[in-house]
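Take a look at the letters that make up each chain.
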Amino acid sequence: MATWTALTTLTSKADAEALGAAMENLVPEATGIGVFEVEDDSGLWEVGGYFEEKPDIAGLELLAKMNGAKPFAVSELPETDWVAHVKRELAPVEAGRFFVYGSHDADKVPQDPAKIPLLIEAAMAFGTGHHGTTLGCLRALDRLDTEGFSTDRTVDIGCGTAVLAMAAARIWPGTPVAGDIDPVAVEVAEANMRANDMAGRVTCVEAAGFGNPALEAGAPYGLVFANILMGPLISLAPDIAAHLETGGYAILSGLLNEQADAVQEAYENAGFTLHHAEQIREWTTLTLRKL
């Protein structure tokens, strides 16, 4: 069965929310309506609707005009077997010695003992290693280890699938701590531990930043991962500096290439120096060392 999407943008959160509320009265009704801030520092808000029948184009045009929005872009989406699609798209990824794969590719796990396999299911798309930010963080970890750095105190802020904390636990001693503001992400992280026979190897907790006793107790850390967004990364700079030991490293990503300079400046002002930067497509990963 085909579905339809209708998307537009506005410059005001209040206007976007008002438009989203007005869309609830459309006939045929939307099966879902979302209002999101566009994460590119443009200041725009996106309003989207999803429909199981062709939406009322005239009604959408009227709502857009009444709320000062751009005309809706309406698209028909063909029926798709998304599970099969994701499995086709998420081929195994190699990041240094790390081999990230889904269970549908278990037969492709290399037998080379130098390789470190990490199983992340295809349904958990962000954090599989395919995204340039996660891939960059895994490469940065592998690079630090190759250079001779190691630590038994690692923390992953905004952990998602916790693939980064898992990777650290596979190559270094200690029990990394992984925190995420989303309780579902914490459940996913714990499921990933079990799937990789790593139950108890990473402590997974619900937390915003370092706001959990388990994260506070592990400080000072030798390595902090933070693969989130530019705004939270800049806000967290003093906190990451306070929880990181002198000579320790912060691996930061979630950054568009044009955002990297602003984040680097914030961390230099907090007492860090740039150790390495890598661009993967439109994303940058920064490795910084605390002076």
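Everything below is about the structure shown above.
Cut-off values and rules
Residues numbered from 1 in each chain as written. Predicted model: local features only at pLDDT ≥ 70, side-chain atom pairs only at ≥ 80, totals over all residues. Heavy atoms only, no water. Helix = DSSP H or I, 4+ residues; strand = E, 2+ residues; numbered from the N terminus. Buried < 20%, exposed > 50% of the residue type's maximum accessible area, 1.4 Å probe, protein only. Contact = heavy atoms within 4.5 Å. Areas by Shrake-Rupley, 256 points an atom, 1.4 Å probe, with all protein chains shown as cover. Phe/Tyr/Trp six-rings, centres within 6.5 Å; stacked < 30°, edge-to-face > 60°. Axes fitted to C-alpha atoms, helices over the stretch in contact; angles between N-to-C directions. Parallel < 35°, antiparallel > 145°, perpendicular 65-115°, else oblique. Left-handed = near helix turned anticlockwise from the far one by under 90°.

## Topic: the overall build of the chain
Working step 1: Looking only at helices and strands, the chain features nine helices and 14 strands.
Working step 2: When each of the 291 residues of the chain is scored for burial, the buried share is 47%.
Working step 3: The long-range share in the chain, meaning contacts at least 24 apart out of those at least 6 apart in sequence, stands at 66%.
Working step 4: Here the chain displays about 13800 Å² of accessible surface, and carbon together with sulfur accounts for 52% of that area.

## Quick look at the environment of Pro238
Working step 1: If you trace the backbone, Pro238 turns up in helix α8 (residues 230-243).
Working step 2: Taking the C-alpha atoms as reference, Pro238 lies 5.8 Å from Ala270; in sequence the two are 32 residues apart.

## What about the packing of aromatic side chains?
Working step 1: One pass over the structure, following the stated rule, counts five aromatic pairs.
Working step 2: Grouped by ring-pair contacts, the aromatic residues Phe149, Trp172 and Tyr249 constitute a single cluster.

## A short note on the packing of α8 against helix α9 (residues 260-269)
Working step 1: At their nearest, the axes of α8 and α9 sit 9 Å apart, and the two run at 10 degrees to each other. As judged from the angle between their axes, α8 and α9 are roughly parallel. The two elements α8 and α9 meet at a crossing, and its hand is right-handed. Residues Met230, Leu233, Ile234, Leu236, Ala237 and Ile240 of α8 pack against Ala262, Val263, Ala266 and Tyr267 of α9.

## Looking at the environment of Glu37
Working step 1: By secondary structure assignment, the location of Glu37 is in strand β2 (residues 32-37).
Working step 2: Of the residues examined, Glu37 reaches a relative accessible area of 48% and is grouped as partly exposed.
Working step 3: Sequence-distant contacts of Glu37, defined by excluding residues within four places in its chain, comprise Leu44 and Trp45.

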